[in-house]
Amino acid sequence: VALGGSLYIEGDLAWLVYVHDWTQVIDSTIDAVRLKADLSAAVEAPVYLFEASDAPWFQEQRAASREPRYYPAGGPFVYRTRTGGLILIWSGLRNGKSAVTVARSVTGKVRGPWKQGATLLSDDSAQPTVFKTFDGRLMMAVHQPAAGGGAMMKLVELEDVGDTVRLKPAAAR
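Residues numbered from 1 in each chain as written. Predicted model: local features only at pLDDT ≥ 70, side-chain atom pairs only at ≥ 80, totals over all residues. Heavy atoms only, no water.

**Concerning the packing of aromatic side chains**
Basically, it comes down to this: Only Phe, Tyr and Trp rings take part, Trp by its six-membered ring, and two of them pair if their centres are within 6.5 Å. Stacked means planes under 30 degrees apart, edge-to-face means over 60, and tilted covers everything else. Helix numbering and strand numbering both begin at the N terminus, where a helix is a DSSP run of H or I of at least 4 residues and a strand a DSSP run of E of at least 2. Burial here depends on accessible area, computed with a 1.4 Å probe over protein chains only, as a share of the maximum for the residue type. Under 20% is buried, over 50% is exposed, and the range in between is partly exposed.
Under the counting rule described, the total for this entry stands at three aromatic pairs. Ring geometry for W57 and W90: centres 6.5 Å apart, planes at 35°, overall tilted. Here W57, found in the loop between β4 (47-51) and β5 (73-80), pairs with W90, found in strand β6 (residues 86-94); they are 33 residues apart in sequence, far enough to count as distant. For the pair W57 and W90, a shared accessibility class is recorded, and that class is buried. One aromatic cluster is present, formed by F50, W57, W90 and W114 through successive ring pairs.

Take a look at the structure:
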């Protein structure tokens, strides 16, 4: 099952970057598949980028547990920074609630490898989408709360700091 895809054009190649859902693989994977020029079908097998348990917060949760573990992911959204860096903004489960984080392609290409970075939001936000407003501000839309029937869209302003993005400080908004 594919979940939460993002179309990304790299040179003359079209890619669909998506989540392979945890209900099939327990540890969701972020994968990419190259598409035909008309976007009608894949032209090769999907490429594995990373898995949800690679999120920075799981490094501290490696202790053995009797509880079953699963690792859902959401998003992902591919973004090219102002200095040419390629990042992927995605969400995963952190302490029972969704958080939004950033991964960076070491090579600047979709195929990666990808290195996990900072957490952007840890307030039960999921499914990030990034866009620019008509006046040029960089914004991110997320579902909040991430689960349940009461989810609403929340908008947060981002700042492109060259090799990644971060939340724009409140005083600068």
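Picking up where we left off.
**Description of the sheet that holds strand β9 (residues 126-132)**
In plain terms, the rule: Two strands qualify as a pair provided that DSSP identifies no fewer than 2 bridges between them. Helix axes are fitted to C-alpha atoms over the stretch in contact, other axes to C-alpha atoms as well, and angles between N-to-C directions run from 0 to 180 degrees.
The strand order across the open sheet built from four strands is β9-β10-β11-β12, with neighbouring strands paired in antiparallel fashion. Two strands bound the open sheet, and with one partner strand each, they are β9 and β12 (165-167). Along the sheet, successive strands turn relative to each other by an average axial angle of 35°, direction set aside. As paired strands, strand β11 (residues 152-160) and β12 are joined by three bridges and run antiparallel to one another. Along β12, the bridge assignment pairs L158 with L167.

**What to know about the sheet that holds strand β8 (residues 114-121)**
Reading across the sheet, the four strands line up as β5-β6-β7-β8 and stay open at both edges, with antiparallel pairing between neighbours. At either end of the open sheet lies a strand with only one pairing partner, and these are β5 and β8. Strand-to-strand twist in this sheet, taken as the mean axis angle between neighbours without regard to direction, amounts to 30°. Alignment of strand β7 (residues 97-105) against β8, held across five bridges, turns out to be antiparallel. Residue R104 lies in a different strand from β8, and its bridge partner there is K115.

**Here we look at the side chain of T101**
Stated precisely, the cut-off is as follows: We define a polar contact as two N or O atoms separated by no more than 3.5 Å, with the added condition that, inside protein, one atom must be a possible hydrogen donor and the other a possible acceptor, whereas residues neighbouring each other in sequence contribute only through side-chain atom pairs. The contact rule is simple, with two residues in contact once any of their heavy atoms fall within 4.5 Å.
Looking at the element boundaries, T101 is found in strand β7. From its side chain, T101 meets the backbone oxygen of A118 in a polar contact 2.9 Å long. Ignoring any residue separated from it by four or fewer positions in sequence, one finds T101 in contact with P56, W57, L88, I89, W90, Q116, G117, A118, T119 and L120.

**Brief notes about the side chain of S6**
Among the secondary structure elements, S6 is positioned in strand β1 (residues 2-10). Other than its neighbours up to four places away in sequence, S6 contacts W15, L16, V17, P76, F77 and V78.

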